[in-house]
Amino acid sequence: MSDSGDQLLMPIVEVPGEGRLETARSDELSTYRSTEDSEGDASPAEHEQEETNKSSSTRRKRKPKVRNGHHGIDMTPPDKLLRKAEKKARQYTEDKKINKAIKELIRCTALARIVYRDGHWKLAEAYANLAKGYFDLKGYAPQAQYHAENAKTIMLSGVQTSSSYQDKASIMKVLIIIYHILGRAQTKLKKYPEADQSLQRAEKIATERGKLPSITSDECDETDIKIAISLGRLHARQQKFASATTYFEKAKDLIEQSQGGDSIDLIPVYQDLGRVEQSKGKHANHERAIEMYLQAHSVAGANYSEGTVELADTAQALATAYSNTGDPDGETSAESYLNECLATYQSIHGPDHPQTLEIQDELARLMVRTEREEEALSLLRSTIASKREVYGEFSDEVADTYKLMGSVHLSRGDMEKALKSLKKCYLIQSTAYGENHKKAKETQQTIDILMANPAVASSVPKTKKEEMQSRPRFNTIVNRSGNVGGYMPQL
């Protein structure tokens, strides 16, 4: 077994020996004797009733005894258990039962070690699938990197033999999965040189695998698309916008050739292209970026019906793109799409849902940008109760809402209300993170600046803590410059 915390511990089942059987027999004998003694004192009617109860109980089906929480011994061969666990993991992944899927993937690593032993590429495949599950289902980059490194060590330290082209293709596929997951995890962990090296290796192995006679062109295209998207996102994070655009364009062309122009796989690629374009700062071509987001929304409209979450998600991305233009017409279009998203999320999720609250925050910021402060404040106030219900009383989301409200009050010149909102924000931040946290210190600095104004300070009642801080320090040293007591010396 590996030392990894994710390894499955196989249950130890105790098999009763002769000593245990003798003990059981002696227990039964003592029970029989005590029953016989008690029956000697019973009346004939009671004895007859007990015999009737015994005869009726023997007709019932006896349940098997449970020992250590297990019903007997499971003699299923481990290779069958492995296939069963793999099937369950795929099913749970499709049903989006994340924790159950991860549990089955962990079980697969333990069973693969039993079936194939250390050093076999099938064990590496189990670790690679576990790494992929952690990254795709939970977004856990450190765990994904750890298990992918385990799989890589197995593949590189052992001697992997293949008797056919099919086995060779399977071994190379495992290597592609390992390096691909490693690259994606390292990208998320900001280990950019290592990520680039891993993804380049995955691309090289995929090219070699594509030359095998058993590999179809569709399978090659699927692998090339995934690697191209990952390389594009890596280069986008490194602000290598030209190469990132090249990789995304390559992925887009491959998807259009293999799946058609209305494939849902085009949606994230179009959005990545638009995001890269808007990340260029002053050199950004916002018209091209909006065109990419519109293409993604159009593909979503061709595949999903009106009022679905998928269509609302692309509308939200499009609204964000319009807002980033900084143009008044763009803000108008953004508000239209945000209202469309809000109506969809409220009808599907209800008001107390993170996506609904996120859209309301975006609308409030848009109202602030378009100088509609009163509407923004009204919307923000209406979300506080829902945010407390969804995120908790002392959450970042509630604190950020109070901070945004304080900023709006400041922009309107209402110092008293601004101070009140900022104090609520500080209370949440200091309680959740402590007074020395960066967020709490920044909010406290803003409060101190406002309190420096005597007119503002006098209008806001002080808390007990502030009163104690404003009191003069207690001095234990008595001033002895004069005589103690009321005695006045005669001159």
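Quick notes on the rules
- Residues numbered from 1 in each chain as written.
- Predicted model: local features only at pLDDT ≥ 70, side-chain atom pairs only at ≥ 80, totals over all residues.
- Heavy atoms only, no water.
- 1 Å grid on protein atoms, 1.4 Å probe; cavity = no way out; pocket = protein on both sides within 12 Å on 5 of 7 lines; lining within 4 Å.
- Points joined across faces, edges and corners; volume = space filled by probe spheres on them.
- Helix = DSSP H or I, 4+ residues; strand = E, 2+ residues; numbered from the N terminus.
- Core = buried A, V, L, I, M, F, W, Y, C linked by side-chain atoms within 4.5 Å.
- Buried < 20%, exposed > 50% of the residue type's maximum accessible area, 1.4 Å probe, protein only.
- Contact = heavy atoms within 4.5 Å.
- Axes fitted to C-alpha atoms, helices over the stretch in contact; angles between N-to-C directions.
- Left-handed = near helix turned anticlockwise from the far one by under 90°.
- Nonpolar A, V, L, I, M, F, W, Y, C, P; charged D, E, K, R; others polar.
- Expected span 1.5 Å × (residues − 1).
- Bend = angle between axes of the 7 residues up to and from the residue.
- Salt bridge = Lys/Arg side-chain N within 4 Å of Asp/Glu carboxyl O.
- Phe/Tyr/Trp six-rings, centres within 6.5 Å; stacked < 30°, edge-to-face > 60°.
- Patch = residues over 30% accessible without salt bridge, like charges linked within 9 Å, V, L, I, M, F, W, Y side chains within 5 Å.
- Areas by Shrake-Rupley, 256 points an atom, 1.4 Å probe, with all protein chains shown as cover.
- Lys, Arg positive; Asp, Glu negative; His and termini not counted.
- Charge placed at Lys NZ, Arg CZ, Asp CG, Glu CD.
- Parallel < 35°, antiparallel > 145°, perpendicular 65-115°, else oblique.
- Polar contact = N/O pair within 3.5 Å; in protein donor to acceptor, adjacent residues only side chain to side chain.

### A short note on the layout of surface pockets
- The volume enclosed by the largest pocket comes to roughly 1,800 Å³.
- Listing elements by their share of the lining of the largest pocket, those giving two or more residues are helix 3 (78-94), helix 4 (98-116), helix 5 (121-138), helix 7 (165-188), helix 9 (217-237) and helix 10 (241-259).
- For the lining of the largest pocket, the element with the highest residue contribution is helix 9, accounting for twelve residues.

### Observations concerning unusual backbone geometry
- The phi dihedral of Lys190 is positive, around 65°, even though this residue is not glycine.
- Mapped onto the secondary structure, Lys190 falls in the loop between helix 7 and helix 8 (192-209).
- In this structure, Glu371 is a non-glycine residue whose phi angle is positive, near 60°.

### Looking at the nonpolar core
- Within the largest apolar cluster, 63 residues are counted, with the highest numbers of intra-cluster contacts made by Met155 and Ile178.
- Take this core: its biggest share by element is eleven residues, from helix 7.
- Non-local contacts of Ile178, meaning those with residues more than four positions away in its chain, are made with Ala128, Ala148, Ala151, Lys152 and Met155.
- The next biggest cluster of nonpolar side chains, apart from the first, holds 32 residues, and it includes Leu318, Ala321, Leu338 and Ile384.

### Notes on the packing of helix 5 against helix 7
- At a minimum axis distance of 9 Å, the contact between helix 5 and helix 7 shows a crossing angle of 35°. The chirality of how helix 5 crosses helix 7 is left-handed. Listed contacts from helix 7 to Trp121, Ala124, Glu125, Ala128, Ala131, Lys132, Phe135 and Asp136 of helix 5 are Ser170, Ile171, Val174, Ile177, Ile178, Ile181, Arg184, Ala185 and Lys188.
- Partitioning the contact of helix 5 with helix 7 into residue classes produces eleven nonpolar, one polar and five charged.

### Some details on helix 16 (residues 373-391)
- An ideal rise of 1.5 Å per residue puts 27 Å on 19 residues; helix 16 measures up with 25 Å between its terminal C-alpha atoms.
- Along helix 16, the helix axis deviates most sharply at Ala385, where the bend reaches about 35°.
- Residues of helix 16 that are buried include every one of Ala376, Leu377, Leu379, Leu380, Thr383, Ile384, Ser386 and Lys387, and no others.
- Where helix 16 is buried, its residues contact helix 15 (354-369) and helix 17 (396-411).
- With its phi angle positive at about 115°, Gly392 sits one or two positions after the end of helix 16.

### Overview of the pattern of salt bridges
- Summed over the entire model, instances satisfying the criterion amount to 26 salt bridges.
- In this structure, the salt-bridge partner of Asp272 is Arg233, at a minimum N-O distance of 3.0 Å. In this pair, Asp272 sits in helix 11 (residues 266-278) while Arg233 sits in helix 9, placing the two residues 39 residues apart along the sequence.
- Between Glu393 and Arg388 there is a salt bridge, with the nearest N and O atoms lying 3.5 Å from each other.
- Overall, Glu393 belongs to the partly exposed group, its relative accessible area being 39%.
- Judged by relative accessible area, which is 34%, Arg388 ranks as partly exposed.

### Quick look at the packing of aromatic side chains
- Evaluation of the coordinates by the stated rule reveals two aromatic pairs.
- Here Tyr134 and Tyr140 contribute two aromatic rings whose centre-to-centre distance is 6.3 Å and whose plane-to-plane angle is 20°, an arrangement assigned as stacked.
- Residue classification places Tyr140 among the partly exposed residues on the basis of a relative accessible area of 36%.
- Between Tyr322 and Tyr337 the ring centres are 6.1 Å apart and the planes differ by 10°, which places this aromatic pair in the stacked class. Taken together, the positions of Tyr322 in helix 13 (residues 309-324) and Tyr337 in helix 14 (residues 328-348) put the pair 15 residues apart, joining distant regions of the chain.

### Focus: the side chain of Ser198
- For Ser198, the position within the fold is in helix 8.
- Owing to a relative accessible area of 7%, Ser198 belongs among the buried residues under this scheme.
- Each residue touching Ser198, except ones within four places of it in the same chain, is listed here: Tyr179, Leu182, Gly183 and Gln186.

### Looking at a positive patch on the surface
- Taken together, the side chains of Lys84, Lys88, Lys97, Lys100 and Lys103 present a region of like positive charge at the surface.
- Counting only elements with at least two residues in the positive patch, the list comes to helix 3 and helix 4.
- Within the element layout of this structure, Lys88 appears in helix 3.

### Quick look at the packing of helix 17 against helix 18 (residues 415-433)
- Close contact between helix 17 and helix 18 brings their axes to 8 Å; oriented N to C, the two are set at 160°. By the angle between their directions, the pair helix 17 and helix 18 is classed as roughly antiparallel. In this structure, helix 17 meets helix 18 at a crossing whose hand is left-handed. Counting all contacts with helix 17, which are made through Asp396, Val398, Ala399, Tyr402, Lys403, Met405, Gly406, His409 and Leu410, the residues of helix 18 involved are Met415, Lys417, Ala418, Ser421, Leu422, Lys424, Cys425, Ile428, Gln429 and Tyr433.
- Tallied by class, the residues present in the contact of helix 17 with helix 18 amount to eleven nonpolar, four polar and four charged.

### Side note on helix 14
- With 21 residues, helix 14 extends 30 Å between its outermost C-alpha atoms, agreeing within 8% with the 30 Å of an ideal straight helix rising 1.5 Å per residue.
- Turning to helix 14, its buried residues are Gly330, Glu331, Ala334, Glu335, Tyr337, Leu338, Cys341, Leu342, Thr344 and Tyr345.
- Turning to helix 14, the residues buried within the fold contact helix 12 (286-303), helix 13 and helix 15.
- Looking at where helix 14 begins, the residue whose side-chain oxygen comes 3.2 Å from the main-chain nitrogen of Asp329 is Asp327.
- Looking at the residues trailing helix 14, positive phi occurs at Gly350, about 95°.

### Things to note about the environment of Arg369
- Relative to the helices and strands, Arg369 is located in helix 15.
- Along the chain, Arg369 and Pro328 lie 41 residues apart, while their C-alpha atoms are 9.7 Å from each other.
- Not counting the four nearest positions on each side in its chain, Arg369 is found in contact with Ser323 and Glu331.
- Of the polar contacts made by the side chain of Arg369, one reaches the side chain of Glu331; its length is 2.8 Å.

### Re the side chain of Lys252
- Tracing the backbone through its elements, the reader meets Lys252 in helix 10.
- A relative accessible area of 13% places Lys252 in the buried class.
- Leaving out residues up to four positions away in the same chain, Lys252 has contacts with Leu266, Val269, Tyr270 and Leu273.

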